[in-house]
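Each chain, letter by letter, is given below.
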Amino acid sequence: MAAIIMDGKTLGLKIRERVKEKVLTLKEKGIIPCLAVVLVGENPASVSYVNSKEKALAEAGMESRDLRLPESTTEDQLLSIISDLNKDKNVHGILVQSPVPNHIDEEKIIFSIAPEKDVDCFHPLSVGNMVLDREGFLPCTPHGVLLLLREYNIPVSGANVVIIGRSNIVGKPLANLLIRREYNATVTLCHTGTKDIAHHTLQADILIVAAGKPEFVKSNMIKEGSVVIDVGINRVPDSSAKKGYRVCGDVDPEVSEKAAFFTPVPGGVGPMTIALLLQNVAEAAAAIMTVKK
């Protein structure tokens, strides 16, 4: 029996509609939520991501401060630009598209963003608030995974959750969120140093894959009836495709024949990430309004 497809596109659109309503309310009070999107260089994938984010901002009625910088931009120049954005009261969120060129220290750039404008939740203060379950932004992709689980009424409390991938963007924050009392999951975090990953994935009630390896997880690696969430997005060369490549996740689509629930790529976690970025920007704008009061 084929899996139920977890439709992130539809849920993402619902979230975006709610954000649109919040933006209208803020505009009535004289505040237009604004995200500064900084792109250094012309990495094709990064350009595509930035374009989609800016389109989503416009559709939500928000403003975007589009800063596209040449590859030759120095670290000091970028830090100066971020400093100016930190001080700009009309900018509520700052996003520096990753990766930055090799001559720039990405960690230093992330640390320079004012925490109240860190809508990606990458700054150490933002991460600390998340780990300690304090008020603050939640990272967009992990939050999207949690909302998909809730939307499909998937029991998380007491579940064995296996995450493949320990990145600061997905794996680590997701593990920290899932062990909160409100989720109460038992989490195993697998990575490149894990011996016999299949031993762990076969025990997973919920398997979340963010490995960065095209179609890495095969159907013989999952338990019958499990929930499989594919966070990966990869471009694989394909001469038969119009663009010369096809997009796929970190999970072989055949897994959907064995799993109970499955996220497609594209159309699963990706749309949730964009929707929750918009939500964070709106919340940042609303928070500044609260401070002004």
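Please refer to the structure placed before this passage.
Each residue is numbered by its place in its chain's sequence as written, counting from 1. In keeping with the predicted nature of the model, local features appear solely for residues at pLDDT of at least 70, side-chain atom pairs appear and are counted solely at 80 or more, and the whole-chain, interface and lining totals rest on all residues. Excluding hydrogens and water, the side-chain figures rest on all heavy atoms present in the structure.

**Student:** Account for helix α7 (residues 171-178), with residues named and values stated.
**Tutor:** Three or four residues apart is the spacing at which side chains of an α-helix point the same way, because the helix has 3.6 residues per turn. Categorising residues by exposure relies on relative accessible area from a 1.4 Å probe, with only protein chains included: less than 20% of the type maximum marks a residue as buried, more than 50% marks it as exposed, and the intermediate range marks it as partly exposed. Runs of H or I in DSSP of at least four residues are treated as helices and runs of E of at least two as strands, each being numbered from the N terminus. With six of its eight residues buried, α7 lies for the most part within the structure. Listing the buried residues of α7 in full gives G171, P173, L174, A175, L177 and L178. The contact definition used throughout considers only heavy atoms, calling two residues in contact when any of these lie within 4.5 Å. Tucked inside the fold, the buried residues of α7 contact α5 (124-131), α6 (140-151), β5 (160-164), β6 (186-190) and β7 (206-209).

**Student:** Describe the packing of aromatic side chains, naming the residues involved and giving the relevant values.
**Tutor:** Think of it this way: a Phe, Tyr or Trp ring, Trp meaning its six-membered ring, pairs with another when their centres are within 6.5 Å, and the plane angle makes it stacked under 30 degrees, edge-to-face over 60, tilted otherwise. Tallied over the full model, the rule gives one aromatic pair. For the pair Y152 and F261, a centre-to-centre distance of 6.2 Å together with 65 degrees between the ring planes defines the contact as edge-to-face. Here the residue Y152 occupies a position in the loop between α6 and β5, and F261 occupies one in strand β11 (residues 261-262), the gap between them amounting to 109 residues. Look at Y152 and you get partly exposed, because its relative accessible area is 22%.

**Student:** How would you explain the nonpolar core if you had to name every residue and give the values?
**Tutor:** Judged by nonpolar contacts, the single largest core of 54 residues is most densely connected at M62, L149, L178, I206, I208 and I229. Sorting elements by how many residues they give to this core places helix α9 (residues 269-292) first, with 10 residues. Setting aside chain neighbours within four positions, we find I206 in contact with L149, I154, P155, V156, A159, N160, V161, V162 and V227. Nonpolar cores were defined as sets of buried Ala, Val, Leu, Ile, Met, Phe, Trp, Tyr and Cys residues, with membership established by side-chain atoms within 4.5 Å. In terms of nonpolar packing, the next biggest core, distinct from the first, is built from 16 residues, A204, L207, V255 and A259 among them.

**Student:** Give me the lowdown on unusual backbone geometry, citing residues and values where you can.
**Tutor:** A cis geometry characterises the amide bond from S98 onward to P99, with omega recorded as 0 degrees. Along the chain, the position of P99 falls in the loop between β4 (93-96) and α4 (106-112). Here the residue pair V265 and P266 is connected by a cis peptide bond, since its omega of -5 degrees sits within 30 degrees of zero. For P266, the position within the fold is in the loop between β11 and α9. For N184, which is not a glycine, the phi torsion comes out positive at approximately 60 degrees. Its place among the elements puts N184 in the loop between α7 and β6.

**Student:** Give me the lowdown on the packing of α6 against α7, citing residues and values where you can.
**Tutor:** For any two helices packed against each other, the geometry is given by the interaxial angle and the distance between the axes. Where α6 contacts α7, the axes come no closer than 8 Å and their chain directions differ by 45 degrees. Looking at the two axes, α6 sits oblique to α7. Pair α6 / α7 crosses with right-handed handedness. Judged by residue contacts, P142, V145 and L146 of α6 engage P173, L174, L177 and L178 from α7. Put simply, Ala, Val, Leu, Ile, Met, Phe, Trp, Tyr, Cys and Pro go in the nonpolar bin, Asp, Glu, Lys and Arg in the charged bin, and everything else, Gly too, in the polar bin. The residue inventory of the contact of α6 with α7, partitioned by class, reads seven nonpolar, no polar and no charged. Axes here mean lines fitted to C-alpha atoms, for a helix over just the part in contact, with angles spanning 0 to 180 degrees between N-to-C directions. Angle categories are assigned with fixed cut-offs, so that under 35 degrees is roughly parallel, over 145 is roughly antiparallel, 65 to 115 is roughly perpendicular, and the rest are oblique. In this scheme the handedness of a crossing depends on how the near helix is turned from the far one: anticlockwise by less than a right angle means left-handed, clockwise means right-handed.

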